[in-house]
Amino acid sequence: MMMQSFQPPRRVLMGPGPSDVGPRVLQAMARPTIGHLDPEFQALMEEIKSALQRLFNAPDHACVPLPAPGTAGMEAAIMNLLEPGDRAVIAVNGAFGGRMADMADRAGATVVTVEHDWGQPVDPARVEAALAEAPTKVLAFVHAETSTGVRSDAATLCGIARKHRALSIVDCVTSLGGIPVDAAAWDADVVYSGTQKCLSAPPGLSPIALSTRAQAAIAGRKEKVRNWLFDFNLLMGYWGGEGGRTYHHTAPINALYGLHEALVVLFEEGQQAAVVRHARAHEALVAGLEATGLRMLVDEAHRLPQLNTVLVPDGIDEAAVRAHVLKTWDLEVGAGLGPLKGKVWRIGLMGASATPWHVRLCLTALCEALAAQGFDADAKAALAAADRRLAA
Ligand SMILES: *Cc1c(COP(=O)(O)O)cnc(C)c1O
């Protein structure tokens, strides 16, 4: 068979990630590949490290982008901090908390999960009760649960970890860039993210930040870290020192050009301005959805602006709605996961996808798809409600 170049369709990405990637980031990634030990590339690595410190507000943390998607940050955090027999408390309020618990179990830790109904934020009181039961090495939780659209109180949870002398691991894959992430103010030990959510770069890198406490714990391990690629004791010899770098792995060079450009774009806009943009797009989307009779899964107080879980009305074939908007509008929205499968849509307003244009397109397309199934969806009312919010 003759192979031909792959030409992807043009889509509008409003699911749980990846989000739309802007032309500046795509063009940056098409620039010439250079060697990963080239002095020019090492200068880029240094710039990315300090940009990540600014991004996480982690001036005293060691920050690097791991060469794999968001799950890599999770795996690196769990595998480096936990040794066999360590006690780990993991808050589970959706799919990603569950993934952390599975990893901690594979690391040989004694895992205590604090389970929540999907759609609820992590309950600090129940987490604290679990930490009070026995000495605990790690408390891990998800700041922005992408499977449910729920935000948890990272500052309070990290404070509880400190009080009980546990190291905190905070999953900021979906939160970073969309809502405030502040490793210094939280006094968090490990925070990690991914590039394809609110940073709007393609998937494939996982920025991570480690506190000095976390670094000391890793340096003082009794056993070697069980995965080689993400062992920070080895990895920091590559990303850590200025100059004197030796080969560890080959950094994904062009992907790092993309992350760098995404950060240039974000800092040009301003991190606070980006947070406000996400909040405004979210408020307009919810106003539009509610005007057409749809309801949100999550209570207003705990909603994530960048991930909107919308309840599927009775009698509606949710998969047919997604298929309709993809076919007719080139619009991707997400399906529910786990216990929410078939019950919700997940509408992402992440990074470059958090604009008034995306909100209006999504409302128009959804109303059309719902009307095709006989649901009385008033697109005019939805757009008018969204526009009123955008004008306010
Ligand atoms: C997307 C996501 C991950 C996993 O990231 P991948 O890039 O898919 O590996 C982890 N945690 C949360 C909260 C996420 O939204």
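Here the residue numbering is sequential within each chain, running from 1 through the sequence in written order. Side-chain atom pairs in this predicted model are given and counted only at pLDDT of 80 or more, local residue features only at pLDDT of at least 70, and totals for whole chains, interfaces and linings cover all residues. The side-chain values count all of the structure's non-hydrogen atoms but skip hydrogen atoms and water molecules.

- An unreviewed UniProt entry annotates the protein as Alanine--glyoxylate aminotransferase of Phenylobacterium hankyongense.
- UniProt positions are given in the numbering used here, feature names are shortened, and annotations may be inferred rather than shown by experiment. According to its UniProt record, the protein has this under Cofactor (unreviewed entry): "pyridoxal 5'-phosphate".
- A UniProt comment under Sequence similarities (unreviewed entry) is attached to the protein, and it reads "Belongs to the class-V pyridoxal-phosphate-dependent aminotransferase family."

1. Structural notes on helix 4 (residues 95-106)
Thought 1: Under the scheme used here, helices are H or I runs from DSSP no shorter than 4 residues and strands are E runs no shorter than 2 residues, and both carry numbers assigned from the N terminus. Each helix should span, by expectation, one fewer than its residue count multiplied by 1.5 Å. Look at helix 4: 17 Å from first C-alpha to last across 12 residues, which is about the 16 Å you get at 1.5 Å a residue.
Thought 2: Accessible area is worked out with a 1.4 Å probe on protein chains only. A residue is then buried under 20% of its type maximum, exposed over 50%, and partly exposed in between. Every buried residue of helix 4 is accounted for by Phe96, Gly97, Met100, Ala101, Met103 and Ala104. For helix 4, the arc enclosing every buried residue in end-on projection is 165°, short of the 170-degree limit, so these residues lie on one face. Exposed residues pointing more than 90 degrees away from the buried face of helix 4 are listed as Asp105 and Arg106.
Thought 3: Downstream of helix 4 by a residue or two, Gly108 has a phi angle that is positive, lying close to 90°. Of all possible arcs, the one meant is that of the directions from the helix axis to the C-beta atoms.

2. Some remarks on the UniProt feature "binding site: substrate" (unreviewed entry) in the protein
Thought 1: Feature annotation in UniProt places "binding site: substrate" (unreviewed entry) on Arg346, given in this structure's numbering.
Thought 2: Within the secondary structure layout, Arg346 lies in strand 13 (residues 344-348).
Thought 3: Arg346 gets classed as buried once you look at its relative accessible area, which sits at 7%.
Thought 4: Of the polar contacts made by the side chain of Arg346, one reaches the backbone oxygen of Thr146; its length is 2.8 Å. N or O atoms closer than or at 3.5 Å make up a polar contact, with two conditions inside protein: a donor-capable atom paired with an acceptor-capable one, and, for residues adjacent in sequence, both atoms drawn from side chains.

3. Considering the domain arrangement of the protein
Thought 1: What counts as a domain boundary in this text is fixed by an automatic or database domain assignment. Each domain of the protein was delimited in the assignment, giving domain 1 (24-267) and domain 2 (271-391).
Thought 2: Averaged C-alpha coordinates put domain 1 and domain 2 at centres separated by 29 Å.
Thought 3: Here domain 1 is connected to domain 2 by seven residue pairs in polar contact (both at pLDDT 80 or more).
Thought 4: Throughout, the ten residues Ala, Val, Leu, Ile, Met, Phe, Trp, Tyr, Cys and Pro are labelled nonpolar, Asp, Glu, Lys and Arg are labelled charged, and all others, Gly among them, are labelled polar. Here the side of domain 1 that touches domain 2 is composed, by residue class, of 11 nonpolar, 10 polar and four charged.

4. Topic: the environment of Val138
Thought 1: Mapped onto the elements, Val138 comes out in strand 5 (residues 138-142).
Thought 2: In sequence terms Val138 and Glu332 are 194 residues apart; their C-alpha atoms lie 37 Å from each other.
Thought 3: Every residue in contact with Val138, bar those within four places of it in the chain, is listed here: Leu81, Leu82, Arg87, Ala88, Val89, Ala166, Leu167 and Ile169. Contacts: residue pairs with any heavy atoms within 4.5 Å of one another.

5. Remarks on the environment of Lys380
Thought 1: Along the chain, the position of Lys380 falls in helix 14 (residues 379-391).
Thought 2: Of the residues examined, Lys380 reaches a relative accessible area of 73% and is grouped as exposed.
Thought 3: Taking the C-alpha atoms as reference points, Lys380 and Gly288, 92 residues apart in sequence, are found 9.3 Å from one another.

6. Some thoughts on the sheet that holds strand 12 (residues 331-335)
Thought 1: Taken in spatial order, the four strands of this open sheet run 1-12-13-11, and their pairing is mixed. Each end of this open sheet is capped by a strand with a single partner; those strands are strand 1 (12-14) and strand 11 (307-311). Between one strand axis and the next, the sheet turns by 35° as a mean value, whatever way the strands run.
Thought 2: Inspection of the sheet shows strand 11 paired to strand 13 by five bridges, in the antiparallel sense. Considered in strand 13, the bridge of Leu307 is made with Gly348.
Thought 3: Every axis in this analysis is a line fitted to C-alpha atoms, fitted for helices over the stretch in contact. Angles between the N-to-C directions lie between 0 and 180 degrees. Relative to the sheet, helix 12 (residues 318-329) contacts strand 12 and strand 13, its axis offset from that of strand 12 by approximately 160°. Here, a strand pair is defined by DSSP locating no fewer than two bridges between the strands.

7. Considerations on the nonpolar core
Thought 1: Here the nonpolar core consists of buried residues drawn from Ala, Val, Leu, Ile, Met, Phe, Trp, Tyr and Cys, with membership extended through side-chain atoms lying within 4.5 Å. In this structure, Met100, Ile169, Val170, Trp186, Val191, Ile208 and Phe232 are the most contacted members of the largest nonpolar core, which totals 85 residues.
Thought 2: Leu294, Val333, Ala369 and Ala377 belong to the second-largest nonpolar core, a separate cluster that totals 34 residues.

8. Details of the packing of helix 2 (residues 39-55) against helix 10 (residues 253-269)
How two helices pack is summed up by the angle between their axes together with the distance between the axes.
Thought 1: Running from N to C, helix 2 and helix 10 point in directions that differ by 45°, and their axes come no closer than 10 Å. Relative to helix 10, helix 2 is oriented oblique. By crossing handedness, the relation of helix 2 to helix 10 is classed as left-handed. Within the contact between the two elements, helix 2 uses Phe41, Leu44, Glu47, Ile48, Ala51, Leu52, Arg54 and Leu55 and helix 10 uses Ile253, Leu256, Tyr257, Leu259, His260, Leu263, Leu266 and Phe267. We call two directions roughly parallel when the angle between them is under 35 degrees, roughly antiparallel when it is over 145, roughly perpendicular when it lies between 65 and 115, and oblique otherwise. Should the near helix be turned anticlockwise from the far one by less than a right angle, the crossing is left-handed, and should it be turned clockwise, the crossing is right-handed.

9. Thoughts on the packing of aromatic side chains
Thought 1: Pairing of aromatic rings covers Phe, Tyr and the six-membered ring of Trp, with a centre-to-centre limit of 6.5 Å; geometry is then stacked below 30 degrees between planes, edge-to-face above 60, and tilted otherwise. Summed over the entire model, instances satisfying the criterion amount to one aromatic pair.
Thought 2: Between Tyr238 and Trp239, the ring centres sit 6.5 Å apart and the planes meet at 85°, which makes this aromatic pair edge-to-face.
Thought 3: Using a relative accessible area of 0% as the deciding quantity, one classes Tyr238 as buried.
Thought 4: Taking the relative accessible area as the measure of exposure, Trp239 reaches 1% and is therefore buried.

10. Description of unusual backbone geometry
Thought 1: Cis peptide bonds are those with omega within 30 degrees of zero, and the linkage from Gly17 to Pro18 qualifies with 5°.
Thought 2: By the element assignment, Pro18 lies in the loop between strand 1 and helix 1 (23-29).
Thought 3: For Asn57, which is not glycine, the phi torsion reads 45° and is therefore positive.
Thought 4: By the secondary structure assignment, Asn57 is in the loop between helix 2 and strand 2 (62-66).
Thought 5: Its identity is not glycine, yet Asp330 carries a phi of approximately 55°, on the positive side.
Thought 6: Summarising the element assignment, Asp330 is placed in the loop between helix 12 and strand 12.
Thought 7: Given the relative accessible area of 30%, Asp330 is considered partly exposed.

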